[in-house]
Every structure is written in structure tokens, then in C-alpha cells.
Amino acid sequence: MTSQLINGVELSNQLRQALQTRVQALTKEGHTPGLAVILVGENPASQVYVRNKVKACDQVGIHSVLEKTPDTLTEKELLAKIEALNKDPLVHGILVQLPLPPHIDAQRVIEAISPQKDVDGFHISSAGALMTGAQGFWPCTPFGCMKMLESIHYDLKGKHAVVIGRSNIVGKPMAMMLLQKNATVTLCHSHTKNLADLTRQADLIVAAVGIRNVLTKDMVKPGAVVLDVGMNRDEEGKLCGDVDFNGVSQVAAFITPVPGGVGPMTITMLLHNTVWAAEQLNSTVERPLQSN
Ligand code: NAP
């Protein structure tokens with residue numbers, strides 16, 4: 001079997017076109033969606049992520065404000081900035097790029113963001129909403145994975161999904177989203193015994209670990225769907241995922257590439273959440289009830 005590729009770039013472009021129309025409707029009413037991005041320090045990877053997010057905002061017409069601050073910024077100063085953005089009517093979404101320097105408590109900072117502007121979906125009230133099935137922001141990376149499954153018309157009902165990785169930003173919310181769509185979910189982590197025995201039973205595998213080749217061909221049931229969230233570097237310094245792409249693509253029915261898979265979808269869902277936030281706060285145009 002040779003896998004079909006789920007192309008995150010193409011799907012992103014389609015979704016961004018639809019978002020652009022929603023942005024235009026909001027702009028016509030005088031409510032251009034606004035995203036504020038705060039970057040603390042000079043982390044090179046964070047600088048690239050932030051640049052890509054701002055560029056994507058421009059592409060669909062979202063107004064973005066990037067605030068770069070030195071890593072000497074105190075937690076109190078950062079909290080004050082967030083407080084000001086919470087009150088700013090032109091800002092519908094607030095994103096604080098992680099990781100933060102060690103002297104700043106990231107969780108305290110996330111909790112300071114207004115739940116109505118929590119476009120990353122990391123606030124405890126967003127996590128609670130996802131857990132209980134209530135309306136709220138879904139974290140962008142697992143949300144992007146769900147959109148990829150939707151794009152191949154994958155019916156999750158009764159399927160066995162194995163998620164590898166249990167972080168608050170990817171693995172756990174991914175498991176909750178899959179559960180909400182009636183999959184039977186196994187959530188694996190570094191203490192999981194016999195990972196391969198579990199993945200071999202899976203109809204769907206989501207790899208979100210941060211270790212290259214953590215999922216190999218022998219661990220995948222023929223015909224399974226494989227989503228690769230990982231972002232690693234190979235020995236030549238090239239971007240790669242958690243999945244041994246060459247091997248696994250011989251057995252999986254569908255697979256996401258790295259680069260060009262989940263990565264662009266993450267940014268697209270950030271745009272989606274920002275537009276949705278603006279619609280919730282301002283618009284009189286018809287709008288979806290859920291962020292998802
Ligand atoms: P993280 O917070 O480091 O979590 C990694 C998870 O993997 C942990 O739950 C850990 O288990 C588990 N793990 C570690 N070794 C394992 C093993 N040998 N077998 C099974 N599970 C193992 O990472 P993250 O933030 O979730 O990110 C995961 C990967 O996705 C990274 O490569 C990151 O760069 C990438 N990522 C990509 C995007 C995107 O847009 N494409 C977005 C976010 C993250 P414990 O909990 O037991 O430690």
C-alpha cells in the first residue's frame with residue numbers, strides 16, 4: 001500500500017480563503033479582527049513562528065500587533081501588558097509565544113489572558129470547555145489535526161485512536177477532541193509499556209512526542225491513518241516529524257508529511273480562532289456557535 005498524503009498546505013489555503021471572506025464581512029462592519037502577539041526574548045525558533053503567524057494574519061486581512069520585548073521583562077510587566085490588551089477593543093485574540101524565560105511563570109501568564117481572547121486555547125477555562133464539550137477555543141494544533149481528518153471525511157465513530165504524547169497543548173486536547181467525536185482513545189506517554197502493541201491496534205495514530213522515528217512501519221496496522229505532529233531535525237538539519245515517513249507511508253492509508261502537514265494547519269487554526277473571537281464579540285452577521 002502507498003499512502004495518500006494529507007496536504008496541510010493545500011488544506012490551509014482553502015480554509016484561509018474562507019476565513020478571508022469572514023474577515024471581509026467583519027471589516028465591513030468596522031470590526032476588523034485583531035491579534036496581539038507578545039514575544040519575550042530572542043529565541044530563534046520563536047522568532048520564526050511569530051513571523052509566520054503575523055504573515056498569515058496579513059494574508060487573510062487580520063490586523064496583527066507584534067510586541068517584542070527583551071528577556072529581562074519581569075512577570076509583573078508582562079501581566080500588565082496582557083491586562084491592557086484584555087481591555088483593548090481592537091484586540092480580539094492574545095497570544096504569548098512560548099516558551100517564556102524561566103523567571104516567568106507561563107501558567108500564570110496564560111491564566112491572565114481573558115478567556116474571550118484565548119485564541120491559543122491554553123487557558124484553563126478553554127481546557128475545561130473542551131473537557132466538558134462546551135463552547136470554547138480549541139488549541140490550534142489538535143484542532144488542525146481534526147480539520148485534516150474532516151478533509152478526508154474520516155468518520156471517527158467507534159475507531160480506535162492512539163495518541164502518543166500527553167502535553168497540555170497537543171496530546172491531551174487531541175485525545176479529548178477525538179473522544180468528543182466518539183473514537184475510543186488510548187493516550188500514551190513516556191511511561192507507556194509496549195507502545196508498539198497499542199499502535200498496531202490503532203485505526204488512527206497521532207504522534208506528538210518530539211522524537212524522530214518514534215513511529216516506524218512495524219508499529220502501524222495496514223490501512224491506518226497517521227498524523228505526524230512532531231517537529232524535529234534530522235542529521236542534516238532538515239525538518240522532520242516523529243514518524244518514519246518512508247516506512248510508514250508504505251502501510252498507512254493516509255499520512256501527513258513534515259514539513260507541509262500539521263504545521264501550516266496550526267497557524268490556520270490560530271487565524272480561525274481569532275476570526276471566531278471577533279465574531280463572538282462584535283459581529284451581527286450570522287456566525288457559527290462553536291469555534292470548532
Ligand atoms: P512535550 O510537551 O515535550 O510532550 C511530549 C510528550 O511525549 C510527553 O507527553 C511525553 O511523555 C511523551 N513522550 C516522550 N517520549 C516518549 C516515548 N518514548 N514514547 C511515548 N511518549 C513519549 O511536547 P509537545 O509540546 O506536545 O510537542 C510534541 C512535538 O510536537 C514536538 O516535536 C513539537 O515540536 C511538536 N509540535 C508541533 C506543532 C506543529 O504545529 N506542528 C505544534 C506543537 C508541537 P511524558 O508526559 O511522560 O513526559
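Residues numbered from 1 in each chain as written. Predicted model: local features only at pLDDT ≥ 70, side-chain atom pairs only at ≥ 80, totals over all residues. Heavy atoms only, no water.

Moving on, we come to the overall build of the chain. When helices and strands are tallied, the chain shows 10 helices and 11 strands. Relative to the 2.2 N^0.38 estimate, which gives 19 Å for 292 residues, the radius of gyration of the chain is 19 Å and therefore close to what a compact globule would have. With respect to the three principal axes, the spread of C-alpha positions in the chain is 50 × 45 × 35 Å. For the chain, buried positions account for 49% of its 292 residues. Considering only intrachain contacts with a sequence separation of at least 6, the fraction spanning at least 24 residues in the chain is 69%. Accessible surface, the chain as shown: approximately 13,700 Å² in total, 54% of it carbon and sulfur. Within the chain, the 27 negative side-chain charges are centred at a point lying 3 Å from the centre of the 26 positive side-chain charges. (Helix = DSSP H or I, 4+ residues; strand = E, 2+ residues; numbered from the N terminus. Rg over C-alpha atoms; globule rule 2.2 N^0.38 Å. Buried < 20%, exposed > 50% of the residue type's maximum accessible area, 1.4 Å probe, protein only. Contact = heavy atoms within 4.5 Å. Areas by Shrake-Rupley, 256 points an atom, 1.4 Å probe, with all protein chains shown as cover. Lys, Arg positive; Asp, Glu negative; His and termini not counted. Charge placed at Lys NZ, Arg CZ, Asp CG, Glu CD.)

Going through the model one piece at a time under the given rule, you end up with 10 salt bridges. Of the charged contacts, one joins Asp203 and Lys221 as a salt bridge, the two residues approaching to 2.7 Å between their closest N and O atoms. Here Asp203 is found in the loop between helix H8 (195-199) and strand S7 (204-207), whereas its partner Lys221 is found in the loop between S7 and strand S8 (225-228), with 18 residues between them in sequence. One network of salt bridges, in which partners are shared, links Glu75, Asp105 and Arg108. (Salt bridge = Lys/Arg side-chain N within 4 Å of Asp/Glu carboxyl O.)

Take empty space enclosed by the protein next. Considering all chains together, one arrives at 1 cavity of 30 Å³ or more under this definition. Its boundaries defined by the atoms lining it, the largest cavity holds a volume of some 50 Å³. Lining the largest cavity, in full, are Ile94, Val96, Leu98, Ile110, Ile113, Asp118, Asp120 and Phe122. (1 Å grid on protein atoms, 1.4 Å probe; cavity = no way out; pocket = protein on both sides within 12 Å on 5 of 7 lines; lining within 4 Å. Points joined across faces, edges and corners; volume = space filled by probe spheres on them.)

To continue, consider the domain arrangement of the chain. Where interface size is given, it is often the accessible area lost as the parts come together that is meant. The assigned domain composition of the chain is domain 1 (29-121) and domain 2 (140-263). The distance between the C-alpha centroids of domain 1 and domain 2 comes to 28 Å. (Domains from an automatic or database assignment.)

With that settled, consider helix H6 (residues 140-151). In a regular helix each residue adds 1.5 Å, so 12 residues correspond to 16 Å; H6 covers 16 Å between its end C-alpha atoms and thus fits that length. For H6, the buried fraction is high: 10 of the 12 residues fall into the buried class. Within H6, the full set of buried residues consists of Cys140, Thr141, Pro142, Phe143, Gly144, Cys145, Met146, Lys147, Met148 and Leu149. The elements touched by buried residues of H6 are helix H1 (8-28), helix H7 (171-180), S7, S8 and helix H10 (262-281). (Expected span 1.5 Å × (residues − 1).)

Attention now goes to a nonpolar patch on the surface. A cluster of nonpolar side chains, namely Val48, Tyr49 and Met231, defines an oily patch on the protein surface of about 260 Å² accessible area. Tracing the backbone through its elements, the reader meets Met231 in the loop between S8 and strand S9 (232-233). (Patch = residues over 30% accessible without salt bridge, like charges linked within 9 Å, V, L, I, M, F, W, Y side chains within 5 Å.)

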